[in-house]
There are 2 protein chains.
Amino acid sequence: MKIAVDAMGGDNAPQVVVEGIEKARDEWSDLEFVLYGDETKIKEVLQNNKNITIVHTDEEILGTDEPVKAIRSKKNSSMVRAARSVKDGENDAMFSLGNTGALLAAGIFIIGRIKQVDRPALMPTLPVTNSPLGVNMLDVGANAEAKATYLQQWAVMGSIYAQDVKQIKEPRIGLLNNGSEADKGDTLHKEAYELLKNTEEINFIGNVESNDILAGVADVIVTDGFTGNAALKATEGTARIILHELKKALMNNGFFTKMGAAIVAPSLKGIKDTFDTSRAGGAVLLGLKSPVVKAHGAADVDTIFYTVKQIYDMLLNDTVNKANTYFEKMQSDK
Amino acid sequence: MKIAVDAMGGDNAPQVVVEGIEKARDEWSDLEFVLYGDETKIKEVLQNNKNITIVHTDEEILGTDEPVKAIRSKKNSSMVRAARSVKDGENDAMFSLGNTGALLAAGIFIIGRIKQVDRPALMPTLPVTNSPLGVNMLDVGANAEAKATYLQQWAVMGSIYAQDVKQIKEPRIGLLNNGSEADKGDTLHKEAYELLKNTEEINFIGNVESNDILAGVADVIVTDGFTGNAALKATEGTARIILHELKKALMNNGFFTKMGAAIVAPSLKGIKDTFDTSRAGGAVLLGLKSPVVKAHGAADVDTIFYTVKQIYDMLLNDTVNKANTYFEKMQSDK
């Protein structure tokens, strides 16, 4: 199994990427890695090239680049080269810490979608208070527009993913909606509800509301990409702002408060651990012919290690083809 | 100026409602109140009936009632009677702590919308870290479906509200979207962007993303009711869950942590104050012929006092008619 790695994306590339890959290589001896990026810089930090090949690239896609344009014009960038290698069958999966939009474009236009899926979806793992496995939410923004059938496809792929990678036997699939009752929502979500209710092989638990995302009421939450994007960003933004205000309050209020803060610090670390999803890896672009995963630009060595594990689980279980087979069967049953 | 009060809605009705109204009555001598509800229960808690009239009602709309059905069948409920009194011109505005859906239905079907507004919108005030005035967001769920022209109408009404009630000269109006660039969004939001850009008399600042709602980047955020509902609930849910985890961490970790928690408590209260929006009053149902405001079911005396102030400001400034005039002019300019 060979994984194509865009070694140049992210805040601390290529150092943190190379360190994470070496850690993963030391753990799983049946994995090979091809690192796409600046050969000199990669060699500076690489300790041991066992099972690791470097392919030199001299272009880089920046976070500020317009995604589709970047993919088309920077043909020798680490991201495009990595994607092309998967398309050409040289590698089995790819991952990147770079520009999310560009990775979506590379996934869709270079690697390509599985035939039975109309639109690939972006699926991160969010933390929940009652399980270290978190909740997967899709789509969170690969698509601005959606149809009910897309949501049905995403539900099936999310369910298969939760079975294969999170080892949940019957993943609870919820539909993000504006109320919990069955008749809630706009036309799109009412239609999606009916489709999901009648989709065999998924354990549909009905509507969930976005105030319950972190409460762990579902294993997979299906949503259109526009609403999912708003719910994800509101969740992340609120957490960031509250934790920032908390830190400010504990640090800027004189000696006694600082002393108190030092005393409570270990307990507060427990909260940080509850909301830590680094073991879940990165956000998966589901619906492509091969696993494509986006890790956060600020990902550390451990997150990269677990992202490799995530890809490894998808390859071992043939997660992508399993979804394809399901959809082909669904198609022929019609 | 006469305000119709649904005295029976909310968790601690009628006691907290009556106390709040008496406090407001003592502050603004030119306001009169008509309390709709159980006369015996209201009289038990009413200290002084100056400028306060009671109209006895013997039905109550519960939080669990189906909104439209409740409005149609419980004609002698405090909420329906209060709404009817505004429709009939006996009172100039109404407010309730009861069932939000039922209040929306009462507002739309009994009081009625202003002619030039296609769909009334629900607009709460959310806290922001950089101003006690918070941010108004509309629509957060009065409508599951939206058109770009609705969003334009909501932007104008939100802007007039922020001028009249929050005393902001040129309120910054943002469009909730899935990216900050001008070309972002689905068809609806791209159309809305163009309309807002070309709407005179509003200070349109472009797209805002939901991770910035609490950061205070806009005074009014316009959104379709489905996305707004998801963003609002994700924001509220995340804040609730994090603060709950924080409390748990500080209280369940033994003696030293509790001691530390006691030391930092005054500083943490500062955060609570930052996120306190009780002075903003309740959520306004904008687009109706008269001011209709929904206060939270758990609202305290102060929130009710400030909700009256909010209604008072809208009546003094003729906020509702000002929007109507604007739309009539817009119509005739076409």
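The shown structure was predicted, so the numbers you read here are calculated from the model rather than taken from an experiment.

Caption draft 1: Examining the overall build of chain A more closely. Along the backbone of chain A there are 11 helices and 12 strands. A compact globule built from 334 residues would reach a C-alpha radius of gyration of about 20 Å, and chain A, at 21 Å, matches this within 12%. When its C-alpha atoms are laid out on the principal axes, chain A stretches across 65 × 60 × 35 Å. Here the analysis covers contacts within chain A between residues at least 6 apart in sequence; of these, 70% occur between residues at least 24 apart. Within the structure as shown, chain A displays about 14,200 Å² of accessible surface, and the carbon and sulfur contribution to it stands at 47%.

Caption draft 2: Main features of the packing of aromatic side chains. All names here are of chain A. Evaluated as defined, the whole model comprises 12 aromatic pairs over all chains. Pairing Y150 with W154 gives two aromatic rings, centres 6.0 Å apart and planes at 50 degrees, and the pair type is tilted. Of this pair, Y150 and W154 are both found in helix α6 (residues 148–164), 4 residues apart, which corresponds to roughly one turn of the helix. Considered together, Y150 and W154 belong to a single accessibility category, that of buried residues.

Caption draft 3: A look at the domain arrangement of chain A. Residues and elements named next belong to chain A. What the domain assignment lists for chain A is domain 1 (1–117 + 287–319) and domain 2 (118–282). The centre of domain 1, based on its C-alpha atoms, is set 25 Å off from the matching centre of domain 2. Contact with domain 1, which involves 19 residues of that partner, is made by 16 residues of domain 2. In total, about 1,500 Å² of surface goes out of reach between domain 1 and domain 2, with carbon and sulfur atoms giving 65% of it. Considering only the side of domain 1, the residues that lose the most area to domain 2 are V117, Y306 and Q310, jointly responsible for 34% of the buried surface there. Counting every contact that joins domain 1 to domain 2 gives 0 salt bridges.

Caption draft 4: Representation of the confidence of the model for chain A. A residue-level look at chain A finds 100% of positions with pLDDT of 70 or above and a mean pLDDT of 93. Both scores are available for the predicted complex, with the pTM at 0.94 and the ipTM at 0.93.

Caption draft 5: Representation of the side chain of K74 of chain B in the model. Within the secondary structure layout, K74 of chain B lies in the loop between α3 (67–73) and α4 (78–87). Discounting chain neighbours no more than four positions away, the residues touching K74 of chain B are E59, E60, I61, L62, D65 and V80 of chain B.

Caption draft 6: Inspection of the sheet that holds strand β1 (residues 2–6) of chain B at higher detail. Residues and elements named next belong to chain B. Pairing is mixed in the open sheet, where 7 strands are placed in the order β3-β2-β1-β4-β12-β11-β5. Strands with a single pairing partner mark the edges of an open sheet, and in this sheet they are β3 (52–56) and β5 (121–123). Here the strands of the sheet are splayed against their neighbours by 25 degrees on average, with no regard to which way each runs. Taken together, the 3 bridges between β5 and strand β11 (residues 283–286) define a ladder with antiparallel strand orientation. Within β11, the residue paired with L122 across the bridge is L285. The strands touched by helix α5 (residues 100–111) within the sheet are β4 (93–96), β5, β11 and β12 (292–294), with β12 carrying the most contacts at an inclination of about 175 degrees.

Caption draft 7: Quick look at the interface of chain A and chain B. Tallying the contact residues gives 50 residues for chain A and 50 residues for chain B. The three residues of chain A that bury the most area against chain B are F226, K233 and I242 of chain A, which together make up 16% of that side's buried surface. Put simply, chain A and chain B have 4 salt bridges between them. With its nearest N and O atoms 2.4 Å apart, the salt bridge here joins E209 of chain B to K233 of chain A. Counting across the chain A and chain B interface gives 12 residue pairs in polar contact (both at pLDDT 80 or more). Elements supplying a minimum of two residues to the side of chain A that touches chain B: α7 (187–197), α8 (225–251) and α9 (254–274) of chain A.

Caption draft 8: Local environment of the pairing of strand β2 (residues 32–37) of chain A. Residue and element names in this part refer to chain A. With 5 of 6 residues buried, β2 is to be regarded as a mostly interior element. Here 5 bridges tie strand β1 (residues 2–6) to β2, and the two strands are oriented parallel to one another. Within β2, the residue paired with V5 across the bridge is L35. Taking the sense of rotation as the criterion, the β-α-β connection linking β1, helix α1 (residues 15–27) and β2 turns out right-handed. Summarising the sheet, β2 and strand β3 (residues 52–56) pair through 5 bridges and their orientation is parallel. Bridge pairing links G37 to H56 in β3. Read as a crossover between parallel neighbours, the route from β2 over helix α2 (residues 39–45) to β3 is right-handed.

Caption draft 9: Region of interest: the nonpolar core. Counting 98 residues, the largest nonpolar core has I71, M94 and I213 of chain A together with I71, M94 and I213 of chain B as its most contacted members. Counting 64 residues, the second largest nonpolar core, distinct from the first, contains V5, Y193, A299 and M314 of chain B.

Caption draft 10: The arrangement of the relation of the copies chain A and chain B in detail. Expressed as a screw transformation, the operator carrying chain A onto chain B has a rotation angle of 180 degrees and an axial translation of 0.0 Å, and the superposed copies differ by an RMSD of 0.0 Å. Given the turn and translation reported, the copies of this chain are related as if by a two-fold rotation axis. Scanning chain A for the C-alpha nearest the rotation axis identifies G260 of chain A, at a separation of 2.1 Å. A high fraction, 100%, of the interface residues of chain A reappear at the interface in chain B, so the copies pair face to face through one surface.

Caption draft 11: How the structure looks around the pattern of salt bridges. All names here are of chain A. Tallying each qualifying case throughout the model produces 24 salt bridges over all chains. A salt bridge links D26 to R25, with the nearest nitrogen and oxygen atoms 2.8 Å apart. D26 sits in the exposed class, given a relative accessible area of 58%. Through salt bridges with shared partners, a single network forms among E22, R25 and D26.

Caption draft 12: View of unusual backbone geometry. That bond from A13 of chain A to P14 of chain A is cis: its omega, -5 degrees, falls within 30 degrees of zero. Residue D139 of chain B is bonded to the preceding L138 of chain B through a cis peptide linkage, with omega at 0 degrees. Here D139 of chain B is to be found in the loop between β7 (131–138) and α6 (148–164). Its identity is not glycine, yet E201 of chain B carries a phi of approximately 75 degrees, on the positive side. By the element assignment, E201 of chain B lies in the loop between α7 (187–197) and β9 (203–208). Here E201 of chain B falls in the exposed class, since its relative accessible area comes to 57%.

Cut-offs and rules
- Residues numbered from 1 in each chain as written.
- Chains lettered and ligands numbered in written order.
- Predicted model: local features only at pLDDT ≥ 70, side-chain atom pairs only at ≥ 80, totals over all residues.
- Heavy atoms only, no water.
- Helix = DSSP H or I, 4+ residues; strand = E, 2+ residues; numbered from the N terminus.
- Rg over C-alpha atoms; globule rule 2.2 N^0.38 Å.
- Contact = heavy atoms within 4.5 Å.
- Areas by Shrake-Rupley, 256 points an atom, 1.4 Å probe, with all protein chains shown as cover.
- Phe/Tyr/Trp six-rings, centres within 6.5 Å; stacked < 30°, edge-to-face > 60°.
- Buried < 20%, exposed > 50% of the residue type's maximum accessible area, 1.4 Å probe, protein only.
- Domains from an automatic or database assignment.
- Buried area = accessible area lost by both parts, 1.4 Å probe.
- Salt bridge = Lys/Arg side-chain N within 4 Å of Asp/Glu carboxyl O.
- pLDDT = per-residue confidence, 0-100.
- Pairing = 2+ DSSP bridges.
- Axes fitted to C-alpha atoms, helices over the stretch in contact; angles between N-to-C directions.
- Polar contact = N/O pair within 3.5 Å; in protein donor to acceptor, adjacent residues only side chain to side chain.
- Right-handed = clockwise from strand over helix to strand, strands pointing away.
- Core = buried A, V, L, I, M, F, W, Y, C linked by side-chain atoms within 4.5 Å.
- Least-squares fit on C-alpha atoms with pLDDT ≥ 70 in both.

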